[in-house]
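Topology and contacts: notes
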Amino acid sequence: MEAIKMTPQAIIAEWAQFLWQERGMALMYTHLVLAALFPIYAGAHASLRRPPSAAMPLKKKRKTKTKGDDEDSEDEELEVEQHVGLTPSDAIMFPVLAGFTLSGLYFLIKWLKDPALLNQILGYYFSALGVFGVGKLATDALNVTTSVVFPNMWSSKGQIYHINQTLSAQLIESPSPSRETKIHRRFVEAKTNPFPSVFSRIRFPEKTTKRIWATRALLNQHWIFRGYIHGLLSIKSRVRLNDAIGFLFGVTCIALYNMNGKPWYLTNLMGFGFCYGSLQLLSPTTFWTGSLVMGGLFIYDIVMVFYTPLMITVATTLDAPMMLVVPGPNRGSMLGLGDIVLPGIMIGLALRFDLYLHYLRKGQASSDIALPSYKKPTASQTGDLFWTSGNASLRPAALADSAFRKTYFHAALTGYVAGMAVTLAVLNIWNHAQPALLYLVPGVLIALWGTALARGEIGVMWRFTESGDDIADVKKEVRVEEKPKDEAVKEEAGEGEAKLRNWGVKNYGASEDFVMYFTMSTPKSEGMRERVAGKNE
C-alpha cells in the first residue's frame, strides 16, 4: 500500500538513490554491454558482401604483354569474399559438438587436477590466433582513422569538396563551360592541405604541406605481393602500410599479454579480435536456418548451466581468452564469446538483409532491366560519410549506396540489448550464473521476425538466402546488361576523351594508388616451357 501511495517524484528519488548506491555495479554492467556491442557492430559491417539483388561490378582488366607471350594476362580480383554457410543440420550438430567439447574439457580438468599444462597449451593456441585476430581488427581501425583524417571528399554550405591526391589540391564542382563536359571541377586556391572542414583553412609552411600530402599518399598506397612455390603455394595479396602496422600491433599485444600476467584489457582485446573475425567468416545463410541453429544452442546453454556443472567449472578454471572480463564489485563480471558470436551472426545477417533490400528497392525503382551495380562499402568510406553527412543528397551514387537504411540491423541490436538487460537483472535477483542465450536468443529472434511481420516482409525474409545456389529473381525478367562490342568501343573512346578533359580529376571509388609487385617466381614462364616442350614432342 505504501508503494501505491508514493508519488512519481518519490519513486524517481528512490530509484536515483538506489542507482547512486549501486553505481559501481551499474558502470560495470554498462561496460559489459558496450564491450559486447563493439565487436558485433564492427564485425557486422565488415561482413557486408554483394547481395543477390545487386549485379557483380565490372572488373577492370589490365592487359600486359611480355616477350614470348601471346596471351593477355589479367590482374584478377585480389580480395575474394569467403564465408562458411550454415545448414539446417547444424541446428543438431552444433549443440552436440559443443556438448562433446565441453564435456571433454571438464573431464580433462578433473583428470589433470592441476590445469596448468592445459592452460599453457590453450595459451599457445589462442596466442597464435590472436596475432591475426587483433592484427586484422587494428588494421581496419587504422583504415577508418585514416579515412576520417584524410577523406576523399567533404561538404560545407551545400558544396562538395573533392580532395585529389594526384594534383595535391582540393576541387569543387562548378557549371561546365562546355556542353561536352557534364561535370567541371575547379581548384580551390584557399585550401592547400588535404584536411577537411575548418582544418582545410590552416595555412602550413610549404614544406610541411608537402609532407602532409606525402603522408596521405603513403597511407593510401598499396603493394601487391605475389608468391609461388610449384605444387605447394600460390599467393597474391594487396598490402598497405596499415596492414603492416596492424600486424605489428597484434604481435605486440600478444607478447604483452603473455609476459604481463594476462591483464583483463588485453584478454578482452583478444576476444574482440576472435569475435570480429568469426562474424566475417560465419553466415547462417538464411534466417530460418539461423533461427534453428540458435534454437538448438538455446537449449544447449540452458542444460549446461542449470542442469550440469560443466559450463561453470570450465569457465572458471581455464585461463584462456574465451570470454570478456570486466572488473568491478563482487569479483567483476564475464560474458562468454559464444554469447557474442552466435547472436552476432544473426545480427550481421540482418545488416546484409538491409543491404539486399536497399538494392532491391533501387532496382525496382529504376526503369533499367539490369540489376544495379554493387559497390562494396569499405572502411575507407567512413570518413567520406562522416564529413558529407550535412549534405547527404550531394553524395556520389557509389557513396550514397553505403548509407543505406538499417532497419533490421537496428531492430536486432535493440533485441540483443534487451536480452542483455534481462540477463543481468535475473542474475542480480537470483544471484546465480545465467545462460545468456536463454534471454539473448528470444530477444534477437523476436525483434527480427517481429519487425518483418510489422512491415509485411515475412515472405521476403523467409526467401532471402546467401547460398548463391537458389537466388530468386528480385526483379521480373531481370538480367545483367551486356553491351554490344560497338557500344563498348565507343564508350572506351569516350572515356579516353573524358580523361583528357578531366585530367587529374578522380571519380569516386577509382584507385589512384601506386602499385608495386614483388614476385618470388613466375608460374607463367614454367607453363610456357611445358607448352613448348609439348609442341616439340
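The structure reproduced in this document is the subject of the present report. (Residues numbered from 1 in each chain as written. Predicted model: local features only at pLDDT ≥ 70, side-chain atom pairs only at ≥ 80, totals over all residues. Heavy atoms only, no water.)

**Some points on the overall build of the chain**
- In terms of helices and strands, the chain carries 18 helices and 11 strands.
- Looking at the chain as a whole, 41% of its 537 residues qualify as buried.
- Of the accessible surface of the chain, which amounts to about 31400 Å², a share of 62% is contributed by carbon and sulfur atoms. (Helix = DSSP H or I, 4+ residues; strand = E, 2+ residues; numbered from the N terminus. Buried < 20%, exposed > 50% of the residue type's maximum accessible area, 1.4 Å probe, protein only. Areas by Shrake-Rupley, 256 points an atom, 1.4 Å probe, with all protein chains shown as cover.)

**Focus on the environment of His31**
- Positionally, His31 belongs in helix H3 (residues 23-46).
- Not counting residues within four places of it along the chain, the set of residues in contact with His31 comprises Trp264 and Val326. (Contact = heavy atoms within 4.5 Å.)

**What to know about empty space enclosed by the protein**
- Counting across every chain of the model gives one cavity of 30 Å³ or more.
- If you trace the largest cavity, you find it lined by Asp354, Leu357, Arg361, Arg405, Thr407, Tyr408 and Arg455.
- For the lining of the largest cavity, the secondary structure elements donating two or more residues are helix H11 (338-365) and helix H14 (407-430).
- For the lining of the largest cavity, the residue count by class is two nonpolar, one polar and four charged. (1 Å grid on protein atoms, 1.4 Å probe; cavity = no way out; pocket = protein on both sides within 12 Å on 5 of 7 lines; lining within 4 Å. Points joined across faces, edges and corners; volume = space filled by probe spheres on them. Nonpolar A, V, L, I, M, F, W, Y, C, P; charged D, E, K, R; others polar.)

**Quick look at unusual backbone geometry**
- With a phi angle near 55°, Lys157 is a residue other than glycine that sits in the positive phi range.
- Residue position: Lys157 is located in the loop between strand S2 (153-156) and strand S3 (159-164).
- A residue is classified by how much of its surface remains accessible, and Lys157, at 83% relative accessible area, is exposed.
- Although it is not a glycine, Thr285 sits at a positive phi angle of roughly 75°.
- Mapped onto the elements of the fold, Thr285 is located in the loop between strand S8 (282-283) and helix H9 (287-306).
- Looking at Thr285, the relative accessible area reads 11%, which means it is buried.

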